[in-house]
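# Understanding the architecture of this molecule
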Amino acid sequence: MAREQLIPRGIHDQRVLDAMISVPRHLFVEDALQSQAYGDFPLPIGAGQTISQPYIVALMTQELQLKGDENVLEIGSGCGYQTAILAQLTGRVYSVERIKSLHIKARRTLDRLKFVNVVCKIDDGTLGWPDFGPYDAIMVTAASPDIPGPLLDQLADPGKMIIPVGDRYSQSLVVIEKNDGNITRKTIEQVRFVSLIGLHGWQE
Ligand code: SAH
């Protein structure tokens, strides 16, 4: 996976590559899909949701430039795979998922793999998670019509957020940086994510 899908496309952060190699992606998908878990494509995880292809997980993670002691917020736990990659690379991860069945499965897999530095909850992640902020890094793994205001407010200064922004079918992967009170925004890739559904996202 690293040699064929990640390194040739520009994933060069060795810590990210090591995390991608060490986290067992097949344990996050259902048994019937395990043989396809390392393929170069997204996979269904139930409830109409998907786990992103490995390259997109690695790319989004690399953009956050985690050093190991950040406080990270993830919106859209899904199966918990991206959560595990983040947890491997930093101190604490707070992850919010709106669908109960996915939250339960993600928590079970993260516990089984002994990720003790992850706190999960069921809620509308477009509201962020004010209790544990501000966050040095925020990753949103569902597509939003715009940047949810509460997430921008809960981003630390300095801080970095990555989020797919666009319409329901096609989005730009946007990296937001907060620095000395200034906000900068750059687009790195065209992507297709499932919708972020909530008060500051799409309606159901
Ligand atoms: N990172 C996940 C990707 C899951 S797909 C993984 O590795 O599996 C995106 C997830 O975002 C879905 O599980 C969806 O239910 C969730 N989601 C959508 N809107 C949300 C919201 N407002 N708050 C929290 N989670 C949300």
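Residues numbered from 1 in each chain as written. Predicted model: local features only at pLDDT ≥ 70, side-chain atom pairs only at ≥ 80, totals over all residues. Heavy atoms only, no water.

### Regarding the overall build of the protein
In terms of regular secondary structure, the protein is built from six helices and nine strands. In summary, the protein has a C-alpha radius of gyration of 15 Å against a globular reference of 17 Å for 204 residues, a match within 12%. Reported as C-alpha extents along the three principal axes, the dimensions of the protein are approximately 45 × 35 × 35 Å. In the protein, which comprises 204 residues, the proportion classed as buried is 54%. Here the contacts in the protein between residues at least 6 apart in sequence split such that 54% fall between residues at least 24 apart. Only carbon and sulfur atoms are counted for the fraction: they give 50% of the accessible area of the protein, which is about 9,400 Å². Positive and negative side-chain charges in the protein, numbering 20 and 24 respectively, have mean positions lying 5 Å apart. (Helix = DSSP H or I, 4+ residues; strand = E, 2+ residues; numbered from the N terminus. Rg over C-alpha atoms; globule rule 2.2 N^0.38 Å. Buried < 20%, exposed > 50% of the residue type's maximum accessible area, 1.4 Å probe, protein only. Contact = heavy atoms within 4.5 Å. Areas by Shrake-Rupley, 256 points an atom, 1.4 Å probe, with all protein chains shown as cover. Lys, Arg positive; Asp, Glu negative; His and termini not counted. Charge placed at Lys NZ, Arg CZ, Asp CG, Glu CD.)

### With respect to the environment of D123
Its location among the elements puts D123 in the loop between β5 (118-122) and β6 (135-140). On the basis of relative accessibility, which here comes to 33%, the residue D123 falls in the partly exposed class. Remark: the alpha-carbon pair of D123 and I56, spanning 67 residues in sequence, is separated by 24 Å. If near-sequence neighbours (up to four positions away) are discounted, D123 is found in contact with V96, E97 and R98. In this structure the side chain of D123 is engaged in a polar contact, spanning 3.0 Å, whose partner is the side chain of K121. (Polar contact = N/O pair within 3.5 Å; in protein donor to acceptor, adjacent residues only side chain to side chain.)

### Describing the site of the ligand
Around the ligand, the structure places 27 residues, and the nearest of them are T50, E97, D124, G125 and I197. The separation between a nitrogen atom of the ligand and a polar main-chain atom of R98 is 3.3 Å. Note that a nitrogen atom of the ligand is positioned 3.0 Å from one of the side-chain N or O atoms of D124. In the complex, the protein chains occlude 99% of the 580 Å² of accessible area that the ligand would expose alone. Contributions of two or more residues to the shell around the ligand are made by β2 (49-51), β3 (71-75), α4 (81-89) and β4 (92-97). The residue makeup of the shell around the ligand, split by class, is twelve nonpolar, ten polar and five charged. (Near = heavy atom within 4 Å. Nonpolar A, V, L, I, M, F, W, Y, C, P; charged D, E, K, R; others polar.)

### Thoughts on the side chain of D124
In this structure, D124 sits in the loop between β5 and β6. For the buried residue D124, which engages in no salt bridge, the nearest side chain bearing the opposite charge is R98, 6.5 Å off. One polar contact links the side chain of D124 to the main-chain amide nitrogen of L199, over a distance of 2.9 Å. (Salt bridge = Lys/Arg side-chain N within 4 Å of Asp/Glu carboxyl O.)

### So, the nonpolar core
Ranked by internal contacts, the top residues of the largest apolar core, which has 46 residues, are L6, I11, M20, Y81 and I85. The element contributing the most residues to this core is helix α3 (residues 54-64), with seven residues. Contacts of M20, omitting those with residues within four sequence positions, involve M1, L6, P54, V57, A58, Y81 and I85. (Core = buried A, V, L, I, M, F, W, Y, C linked by side-chain atoms within 4.5 Å.)

### Topic: the pairing of β4
Of all six residues in β4, five are buried; the element is thus mostly enclosed. In this sheet, β4 lies alongside β3 in parallel orientation, the contact comprising five bridges. Of the residues in β4, the one forming a bridge with V72 is V93. Crossover β3 to β4 through α4 is right-handed. Taking the sense of rotation as the criterion, the β-α-β connection linking β4, helix α5 (residues 100-112) and β5 turns out right-handed. (Pairing = 2+ DSSP bridges. Right-handed = clockwise from strand over helix to strand, strands pointing away.)

### Regarding the sheet that holds β3
Reading across the sheet, the seven strands line up as β5-β4-β3-β6-β7-β8-β9 and stay open at both edges, with mixed pairing between neighbours. Sheet topology places β5 and β9 (182-191) at the edges, where each strand pairs with a single neighbour. Sheet twist, expressed as the mean angle between neighbouring strand axes with direction ignored, is 15°. Note that strand β8 (residues 171-179) and β9 share nine bridges and pair antiparallel. Within β9, the position partnered with K178 by the bridge is I183. (Axes fitted to C-alpha atoms, helices over the stretch in contact; angles between N-to-C directions.)

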